[in-house]
Amino acid sequence: MMGSSNKEAVDASLQIHKQIKVVFVMGGPGSGKGTQCSKIVQEFGYTHLSAGDLLRDEVKSGSENGAMIHDLMNEGKLVASDVIVRLIVKAIQETDNDKFLLDGFPRNEDNLKAFENLTKIEPDFVLYLDCPEEEMIKRVLSRNQGREDDNIETIRKRFRVFEESTLPLVDYYASKGKLRRVDAARSVEEVFESVRAIFSSTEVRPRPDRHCNCFCKYSSSFAHYEVSTSIDFLPFQLTSFLKRVHV
Ligand SMILES: Nc1ncnc2c1ncn2[C@@H]1O[C@H](COP(=O)(O)OP(=O)(O)O)[C@@H](O)[C@H]1O
Ligand SMILES: Nc1ccn([C@H]2C[C@H](O)[C@@H](COP(=O)(O)OP(=O)(O)O)O2)c(=O)n1
């Protein structure tokens, strides 16, 4: 009895009481998830939540789960879903923002189910950084962040987990039309050009530029916002309106 009321109290404390937008950022180890996320944060104002960093912080904090998380990560294995989901939800609750990049999450179907069950949140879309394994290995071995799991033996294990558990989720989102795949084998700037185009096409943000001036002149409802998307993606009526006013 005592146990069950405690559990309910914990679950209630993990509810998210705000409207938020979530983008999952997926890709193998070293595909450039963290690198691209920092650039997305700078340009589009998201909060970046790295699943790996949340777990590493939990280990450093000396919490009761710390030793278990440390051992699993060093073996290249995944931590139980409820552990990582609770850390993510707590970070969302503690952050005063309404848009989040979840980097390195979900890693498997169980991660996804645990997140959906608790939060009822669906990602707006999924960014997938697609990179050949040999390039990822090269990058991880030279990233020098002092990570104990960045050794060739553990890296190989992490790749197998990625192929077996994470790639099926990538396919799942592709089948739902939610996957935005980017060729991540190019330079950081080239990759970000593709990433920027994807985020720009989904953003409505205040920006006084030439589109906005035009909207201000012809329609008060567009006075403060630019729909940052290519004209080709706009609904037909708006497209013909824009063509008429020579945008
Ligand atoms: N497009 C790129 N080309 C070359 N090196 C890259 C590129 N993107 C990231 N890196 C480097 O590769 C390493 C792994 O990148 P990181 O962002 O940490 O990957 P992930 O978060 O996917 O594990 C880092 O040292 C980073 O500076
Ligand atoms: N959802 C997650 C995300 C990461 N982990 C663990 C297992 C991963 O090998 C490590 C490191 O993940 P991180 O995203 O920081 O690093 P890589 O993308 O593998 O370079 O964390 C997990 O168990 N569950």
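A quick note: this is a predicted structure, and the numbers were derived from the prediction, not measured.

Enquirer: Got a sec to walk through the site of ligand 1? Specific residues and values, please.
Expert: Not every one of the 13 residues close to ligand 1 is listed here, only the nearest: K33, G34, T35, R143 and R186. At 3.3 Å from an oxygen atom of ligand 1 is found a main-chain nitrogen or oxygen belonging to S31. Side-chain polar atom of R143 to an oxygen atom of ligand 1: 2.9 Å apart, as the coordinates give it. For ligand 1, the cavity whose grid points lie within 2 Å of the majority of its atoms is the largest pocket. Of the residues assigned to the shell around ligand 1, the class counts are two nonpolar, seven polar and four charged.

Enquirer: Can you tell me about the site of ligand 2, naming the residues and giving the values?
Expert: In the region of ligand 2, 19 residues are neighbours, and K33, R56, V79, R143 and R158 sit closest. Contacts to ligand 2 include G104, whose backbone N or O atom sits 3.4 Å from a nitrogen atom. Within the side chain of N111, a nitrogen or oxygen atom sits 3.0 Å from a nitrogen atom of ligand 2. Considering ligand 2 on its own, with 520 Å² of exposed area, one finds that the protein chains cover 97% of that surface. More than half of the atoms of ligand 2 fall within 2 Å of the grid points belonging to the largest pocket. Ranked by residue count, the leading element in the shell around ligand 2 is helix α3 (residues 51-60), at four residues.

Enquirer: Tell me what's going on with the packing of aromatic side chains, and back it up with residues and numbers.
Expert: All chains considered together, the criterion is met by eight aromatic pairs. Ring geometry for F24 against F105: centres 6.1 Å apart, planes inclined by 75 degrees, an arrangement best described as edge-to-face. Note that F24 is positioned in strand β1 (residues 21-27) and F105 in the loop between β3 (99-103) and α6 (109-119), a separation of 81 residues in sequence. Note on accessibility: F24 and F105 belong to one class, buried.

What counts and how
- Residues numbered from 1 in each chain as written.
- Chains lettered and ligands numbered in written order.
- Predicted model: local features only at pLDDT ≥ 70, side-chain atom pairs only at ≥ 80, totals over all residues.
- Heavy atoms only, no water.
- Near = heavy atom within 4 Å.
- Polar contact = N/O pair within 3.5 Å; in protein donor to acceptor, adjacent residues only side chain to side chain.
- 1 Å grid on protein atoms, 1.4 Å probe; cavity = no way out; pocket = protein on both sides within 12 Å on 5 of 7 lines; lining within 4 Å.
- Sits in = over half its atoms within 2 Å of the grid points.
- Nonpolar A, V, L, I, M, F, W, Y, C, P; charged D, E, K, R; others polar.
- Areas by Shrake-Rupley, 256 points an atom, 1.4 Å probe, with all protein chains shown as cover.
- Helix = DSSP H or I, 4+ residues; strand = E, 2+ residues; numbered from the N terminus.
- Phe/Tyr/Trp six-rings, centres within 6.5 Å; stacked < 30°, edge-to-face > 60°.
- Buried < 20%, exposed > 50% of the residue type's maximum accessible area, 1.4 Å probe, protein only.

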